[in-house]
Amino acid sequence: MAVGAQEGCPEGTVLPDDVFERLRAVADAVLYEGYLLYPYRRSSAKNRVRWQFGVLAPREWAERDGPVAEGLSGAVDAWYQQTECLVRAVPGAVLRVRVRYLHLQRKQVEERLPGGGHRPVESLADGDDVHLTFDEAVPREVDVTVALDRLLAGDLCLMAGAASGEEHESVAGGAGRVVRRREQVDAVTTVRAEPVRDGRPGAPALYRIRVRTENTGPARCGAAAPRGEALAHALMATHTLIGGEGVEFVSLTDPPADCEQHVRSCRNVHTFPVLGGEAGCGEVVLSSPILLPDHPQVAPESPGDLHDAAEIDEILTLRTLLLTDEEKREARATDRRAADILDRVETMPPEIFARLHGAIRSLEPAAQPPGQPGGRPPGHRAARPPAWSAVHAQGQPFPAAATSAAAGPAAGVPWWGDGADDGLSPTTDSVLVDGVPVAAGSAVRLRPAARGADAQDMFLDGRTARVAAVLHDVDGSMHVAVTVDDDPAAELNGWYGRFHYFRPHELVPLAATDEGGRDGRP
């Protein structure tokens, strides 16, 4: 559902929809990220805590424990979201703003009673099918097209909420029904523009654009209500698209030198604006609660959204195909989008499935421009070499360097090039920890960092372990691969090349006198 408005533009002004439509695949991936996760069943624990990004709840509920810190990411439940970006614009420029979000829809299955009434139930059989109670969501869009001159004269406020609603669907031959209910959501989007720098004669001027969306509704469920109840009146997966005519947006992640100071003064709260569209073009901005790079794209090999961009399509597809018939039955009953995923993977042609195995985007130009010796463009800087992969031939040790010289990257070789790993030897390289050289075979105690450590690593705090390798990463950092002493599968994991990885400062070297007490326990 979309709502549109037009302000301060000549009558009949129509902006092409192509810019936003070309970005729709990425924007939809943001909209439905985490909507429903594999195995796509209601009974799965991971599908009981949903709506993790871009949630704008009623302010009274969001601030029940105090103001929400502005420095937190888009994964926090807030009551507003603010985007600020820079744009170069010519006289007569027109902006287009689109705010998108999901509106919670309760799907309640009800059984028909003998007297003609209905009572809520968790499930209802319908022959070979089943209907399940579950929360769905309806996509909402609010559009505004506005002349830049109109924004310079004052803020523009746009109603961005959604009305309540209810639909009934008879199921199981009249033995029951599915009721879909939506609560009212109150929200306002405010668009503002201010001049930052006048342009030179004949050149565009620089402006700062602010788009702020607020949940303005009361906490109808009460400030102390559970999260699930508050979400009924919230905007979820909220994100913003900004485009227009006569405008060129500036990258906030890689700004030109003359805009760096102005970029630093932009204040983005619970969202991360990046350039959309083709690389090298500033025609549109996508402001997302999920951190993205400039010019994000969905891989052309991907045949459809699996709602989990952190996973690999091929793996998710294979796992989905391996679901049992009973699991697939539950997934289909859980949500229509889950049923669509099952239909897609079960009917996927072999040639489409083969494309999921991977593709190589050119790592360096196949043909070098004339006058560029050595096959590298001017100003090219060699990257750090990659870490030795922990996935190597089963049962084989990490590869060793040809010599025992001190480890170091191959000078002048990019990390993807042949020979980049020359001089590195994970099984003989060492790293100093508290002044003690730590290398393969060293005994250590694990002390995961309080901040930034993986949750699984935290369970190993205080355990003793044996170092298997010292690895160099492409960013110049180092990691230490270890096997935990009291892990019954330590030998098998070592054979497969499966290790736990820690940074050097998360290890405490054990002296030889500690060997007798090394049972893996703190």
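Placed above this text is the structure.
Residues numbered from 1 in each chain as written. Predicted model: local features only at pLDDT ≥ 70, side-chain atom pairs only at ≥ 80, totals over all residues. Heavy atoms only, no water.

Novice: Where do I start with empty space enclosed by the protein in this structure?
Specialist: Rolled over the atoms, a probe with the dimensions of a water molecule shows which regions are left empty. Under the criterion given, the structure shown has three cavities of 30 Å³ or more. Of the volumes computed, that of the largest cavity is approximately 70 Å³. Val 30, Leu 31, Glu 33, Gly 34, Tyr 35, Trp 51, Gln 52, Phe 53, Leu 102, Met 236 and Ala 237 together form the lining of the largest cavity. Of all elements in the fold, only α2 (24-31) and β12 (235-249) reach the threshold of two or more residues within the lining of the largest cavity. Class assignment for the residues of the lining of the largest cavity results in eight nonpolar, two polar and one charged. (1 Å grid on protein atoms, 1.4 Å probe; cavity = no way out; pocket = protein on both sides within 12 Å on 5 of 7 lines; lining within 4 Å. Points joined across faces, edges and corners; volume = space filled by probe spheres on them. Helix = DSSP H or I, 4+ residues; strand = E, 2+ residues; numbered from the N terminus. Nonpolar A, V, L, I, M, F, W, Y, C, P; charged D, E, K, R; others polar.)

Novice: What is the right way to look at the side chain of Arg 182 in this model?
Specialist: As for its placement among the helices and strands, Arg 182 is situated in strand β9 (residues 176-182). Under the relative-accessibility criterion, Arg 182 is labelled buried at 12%. Within the local environment of Arg 182, its side chain forms a polar contact with the side chain of Gln 105, the two groups lying 2.6 Å apart. (Buried < 20%, exposed > 50% of the residue type's maximum accessible area, 1.4 Å probe, protein only. Polar contact = N/O pair within 3.5 Å; in protein donor to acceptor, adjacent residues only side chain to side chain.)

Novice: Is there a simple way to explain the sheet that holds strand β17 (residues 443-446) in this structure?
Specialist: Sheets are built from strands that pair by backbone hydrogen bonding, the pairs being arranged parallel or antiparallel. Taken in spatial order, the five strands line up as β20-β19-β18-β17-β21 in an open sheet, and their pairing is antiparallel. In the strand order of this sheet, the two ends are held by β20 (500-502) and β21 (507-509), each with one partner. Each adjacent strand pair in this sheet contributes to an overall mean axis angle of 50°, direction not counted. Sheet topology note: the strand β18 (residues 464-472)/strand β19 (residues 478-484) ladder contains seven bridges and is antiparallel. Within the sheet, the bridge partner assigned to Arg 466 lies in β19 and is Thr 483. (Pairing = 2+ DSSP bridges. Axes fitted to C-alpha atoms, helices over the stretch in contact; angles between N-to-C directions.)

Novice: So what exactly am I meant to see when it comes to the layout of surface pockets here?
Specialist: In this structure, the largest pocket encloses a volume near 730 Å³. Along the walls of the largest pocket sit 29 residues, with Val 298, Ala 299, Ser 302, Ala 309 and Asp 313 positioned nearest its centre. Elements with a minimum of two residues in the lining of the largest pocket: α2 and α7 (313-321). Looking at the lining of the largest pocket residue by residue, the classes come out as 15 nonpolar, four polar and ten charged. Counted as a void, the second largest pocket has a volume near 300 Å³. Looking at the second largest pocket, it is lined by 16 residues, and the ones nearest its centre are Lys 107, Val 130, His 131, Arg 332 and Ala 333. Looking at the lining of the second largest pocket, the elements with two or more residues in it are β5 (129-132), β8 (165-171), β9 and α8 (325-334). Its residues placed into classes, the lining of the second largest pocket shows five nonpolar, two polar and nine charged.

Novice: Could you clarify how one ought to interpret the pattern of salt bridges in this entry?
Specialist: Two side chains carrying opposite charge are able to pair once their charged atoms lie near each other. All told, the structure shown has 39 salt bridges when counted by the stated rule. Ionic contacts of the salt-bridge type, sharing partners, join the residues Glu 21, Arg 24, Asp 28, Arg 96, Arg 98, Arg 100, Glu 141 and Asp 143 into one network. (Salt bridge = Lys/Arg side-chain N within 4 Å of Asp/Glu carboxyl O.)

Novice: How should I be thinking about the packing of aromatic side chains in this particular structure?
Specialist: The description of two aromatic rings rests on the distance between their centres and on the angle between their planes. Counted according to the given criterion, the structure contains five aromatic pairs. Judged by centre distance (5.5 Å) and plane angle (85°), the rings of Tyr 32 and Tyr 35 are edge-to-face. Comparing Tyr 32 with Tyr 35 shows no difference in burial state: the two are buried. Considering the side-chain rings of Tyr 38 and Tyr 40, the 6.2 Å spacing of their centres and the 90° angle between planes classify their relative orientation as edge-to-face. Put simply, the rings of Tyr 32, Tyr 35 and Trp 51 touch in pairs and so form one group of aromatic residues. Directly above the ring of Tyr 35 sits Arg 50, whose terminal nitrogen or CZ lies 5.0 Å from the centroid. The ring centre of Tyr 80 lies 3.9 Å from the NZ or CZ of Arg 212, which sits over that ring. (Phe/Tyr/Trp six-rings, centres within 6.5 Å; stacked < 30°, edge-to-face > 60°. Lys NZ or Arg CZ within 6 Å of the ring centre and 35° of its normal.)

Novice: Where do I start with the pairing of β5 in this structure?
Specialist: Side chains on a regular strand alternate between the two faces of the sheet. Bridging between strand β4 (residues 123-126) and β5 involves four bridges; their strand directions are antiparallel. From the neighbouring strand, Asp 126 faces β5, where its bridge partner is Asp 129. Taking the residues that link successive antiparallel strands as the turn, the β4-β5 hairpin has two residues, and the phi of Gly 127 there is positive, at about 65°.

Novice: Explain the state of the cysteines to me, please; I cannot follow it from the model alone.
Specialist: Applying the stated criterion across every chain, the model contains zero disulfides. Cysteine Cys 85 remains unbridged, with the sulfur of Cys 266 as its closest cysteine sulfur at 7.2 Å. Residue class for Cys 85 comes out buried when judged on its relative accessible area of 1%. (Disulfide = S-S within 2.5 Å.)

Novice: What's the story with α7 in this structure? I'm lost.
Specialist: The periodicity of an α-helix, 3.6 residues per turn, causes residues three or four positions apart to be oriented the same way. Buried within α7 we find Glu 314, Leu 316, Thr 317 and Thr 320. The buried residues of α7 all sit within an arc of 165° when viewed along its axis, so they share a single face. Looking at the packing, one finds that the buried side of α7 touches α8, α9 (336-346) and α10 (350-355). (Arc of directions from axis to C-beta. Contact = heavy atoms within 4.5 Å.)

Any functional reading would require information beyond the geometric quantities listed.
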